[in-house]
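Structural overview for review
Chain residues, written in single-letter form:
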Amino acid sequence: MITSCIASNDDQIPKPYIVYMGSPLNSSGDSAEIAELSHLRILSSIIPSEESERISVRHSYHHAYRGFCALLTKQEATLLSGHEEVVSVFPDPMKLIGARFYNIEDQDSSITKLPKNTSSNTTRPNGSPRDRVGHGTHTASIAAGVFVPNASYYGLASGIARGGSPSARIATYKACSEVNNCQGSAILKAIDDAIRDGVDIISISMGRSFVFQTDFKDDPIAIGAFHAAERGVAVVCSGGNEGPDPYTVTNSAPWIFTVASSTIDRKFQSNVVLGNNVSLKGTGISMDTSGRSKTYPLAFGEDIPFHPSLTSQARNCIPGSLDAKRVAGKIIICMNDDWSISKEIKKLVVQDAKAKGLILIDEQEKSTPFDSGNFPFAEFGKLAGSKILQYINSSQNPLATIFPTNEIRRFKPAPVVADTSSRGPATFTENILKPDITAPGVGILSAMIPNEDEKESSLFSITSGTSMACPHVSGTMAFIKSIHPTWSFSMIKSAIMTTATISNNLRKPLTNTSNLHASPHEIGAGELNPIKALNPGLVFETTMKDYYNFLCYYGYKEKEIRLIVSKKNNFNCPKNASTNTKKELISHINYPSISIEKLKQNQGVMKIKRVATNVGSPTVTYTSSIISPPGLIVRVSPRMIGFVKGIKTASFQVSFDGKKASKGYNFGSITWSDDGSHKVQMVFAVNVE
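Counting of residues starts from 1 at the beginning of each chain's written sequence and follows it residue by residue. Local features are withheld for residues below a pLDDT of 70 in this predicted model, meaning they are given only at 70 or higher, and side-chain atom pairs are given and counted only at 80 or more; totals for whole chains, interfaces and linings count all residues. To get the side-chain values, all heavy atoms of the structure are used, and hydrogens and water are removed first.

What counts here: UniProt positions are given in the numbering used here, feature names are shortened, and annotations may be inferred rather than shown by experiment.
The chain has the name Tripeptidyl-peptidase II in an unreviewed UniProt entry, where Datura stramonium is given as its organism. We quote the UniProt Sequence similarities (unreviewed entry) comment for the chain here in full: "Belongs to the peptidase S8 family."

Okay, here's the thing in structure tokens:
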């Protein structure tokens, strides 16, 4: 979850705001001095002279886009939003975890102020680009870490470690701190600098909670990614860890490659044996340093509250709710149905009370292993959990043993959508299918900064989340770009999506943790398959004109869009993108998947156009096949498309008739096949009303 950096509701108190001014006035960007001076002059026009100390810029953006971050009152921000050069003004947001660094630990030392002689002056920032948390180290090594033999996490997941593209070079931009988390203004500055530095791919393993999502022109990552796309730079983002509920996916702009997470064929199993010799298989990562697993008394937190009035809190092991005297020396059972209390806090609560272990019970079985270090731990779903609770209620002296983690390889089924992976549809427009792709994100071994408190600290860790899935895709994009240097990144994105795997290692359809077939709102086009993506046959290239049209169809005014788009493009909205146009036209941009937010049963047929580009044999014919749910009539016209030397593109239409379809979302796919070498799959999601 994220927290706002706004500390007061008083509209008169100055707070950090980001002022987004769109594309630079020239293709090479503005000089730092000219940009900062311009920004300071704009501030001086709205900030009272008696408060001249506030005429200062925290961050100035002038490479890929224009804008700045400054302290403003709400009234000043409102006034500034009406400025003819300003696209949007919004509070500087905080994000979750994600060499250059940005001085967010001591902001004042990096502020640019307007001195009396009106020339700009920047104080050199303090700090260090060194990763003190480990999140950046972990994700960077997943994307492009070199080969490391004999890698393991205290003996677990042993083998050769390597990133997705070991030959790629890494440039890191530290936009987060332990103190201030990740400020939107610093993220914008990092993206702006990365584009100027000439990077090819920007991998962003962070994002705002779906609860705090904002419009695209008020979202720092969406803004930065848009201007990166204009300059041919790919931006890959994690889709969020707030699943399994729908409408939780974040970073869902169409110019962002949005990644969901899945399990791999390795499970970290933590077994528990009860006093009645019943053995239960749980999940979790814990190391036994004693050399021998011991049996201890077993107690349910609900039965040992500090006070009878705290029974419900003790059930979830909330801080201050347990009777420490009755916790000591026992293995404690806690429920995990209060999302506001993390597993780490529950562990610390019982550990500080001198418990001998923790058993956690969830409503559903979890696929993501929690790392409890050397404190015995196991986690179960409600079925196994009910057996544990029944045993406690039937025994006068309940006992249990938690065994150290047992690594199971070639686990089946895999991959499975991670329970925590955020789901679609996207909140702001359901006419773009999100997430785009799924990649490994559960129990991933990768590099980690050493723990200074441990004498023999591991140089690796095992971590889970869409943050880990994101760099798998970033590394794959770098790998494909090295083989196909002339391909645009939207072509590479299409190649990855249309060749994605849709079956597991049991040769059955991909599932979620409820053992139900996974829908495109959970896995996008499917599971990442880097080797197949090297030779997709056809691609669906989404151009900047498509993204510009998206802004028109989304409802932005043409005046705003002209500020946003690159000045070298003399862009006008399509004639059919009037102020009364609904967002259905978004479905028509040339995206590698199809999503229709509303298809009314009585409205007739809706036709969607796509353009395919041949990147395979110059002379080839493709034939379409369709998989659709009962009642939804889907047709492709023409059914066959052909290519000859000199002609690389072909268009086709997909028609959807929902007259007899079930209401709600209907999922399916269209596959283009040639002589057997290629199968190009485009998934679709259609909401019938």
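Observations regarding the sheet that holds strand β15 (residues 201-204)
Using the following cut-off: By the convention used here, strands pair only if DSSP detects at least 2 bridges between them. A run of DSSP states H or I qualifies as a helix once it reaches four residues; a run of E qualifies as a strand once it reaches two. Both are numbered from the N-terminal end. Note on geometry: axes are C-alpha line fits, over the in-contact stretch for helices, and angles between N-to-C directions span 0 to 180 degrees.
Strand order in the open sheet formed by 4 strands is β15-β16-β17-β26, and the pairing between neighbours is parallel. One side of each edge strand has no neighbouring strand; the edge strands of this open sheet are β15 and β26 (437-440). Across the sheet, the mean angle separating the axes of adjacent strands is 30° when strand polarity is ignored. The pairing of strand β17 (residues 257-262) with β26 spans 4 bridges and is parallel. Bridged to S262 within β26 is P440.

A word on the packing of aromatic side chains
The condition that has to hold: The criterion for an aromatic pair is that two Phe, Tyr or Trp rings (for Trp, the six-membered ring) have centres within 6.5 Å, with stacked assigned to planes under 30 degrees apart, edge-to-face to planes over 60 apart and tilted to the rest. Buried means the residue's accessible area, taken with a 1.4 Å probe over protein chains only, is under 20% of the maximum for its type, while exposed means over 50%, and partly exposed covers the values in between. Only Lys NZ and Arg CZ are tested; either one counts as a charge over a ring when it is within 6 Å of the ring centre and within 35 degrees of the ring normal.
Scanning all chains against the criterion turns up 19 aromatic pairs. Taking the centre distance of 5.1 Å and the plane angle of 70° together, the rings of F370 and F377 count as edge-to-face. In terms of burial, F370 and F377 fall into one category: buried. Positioned over the ring face of F489 is K481, at 4.9 Å from the centre of the ring. Sitting above the plane of the Y554 ring, K583 keeps its charged end 3.9 Å from the centroid.

Some points on unusual backbone geometry
Residue P415 is bonded to the preceding A414 through a cis peptide linkage, with omega at 0°. Within the secondary structure, P415 is located in the loop between β25 (406-409) and β26. The backbone of A157 sits at a positive phi, close to 55°, despite the residue not being glycine. Turning to its location among the elements, A157 is positioned in strand β11 (residues 156-161). On the basis of relative accessibility, which here comes to 4%, the residue A157 falls in the buried class. A positive phi angle, near 50°, is found at N251, a position not held by glycine. With respect to the helices and strands, N251 occurs in the loop between β16 (234-238) and β17. Using a relative accessible area of 6% as the deciding quantity, one classes N251 as buried.

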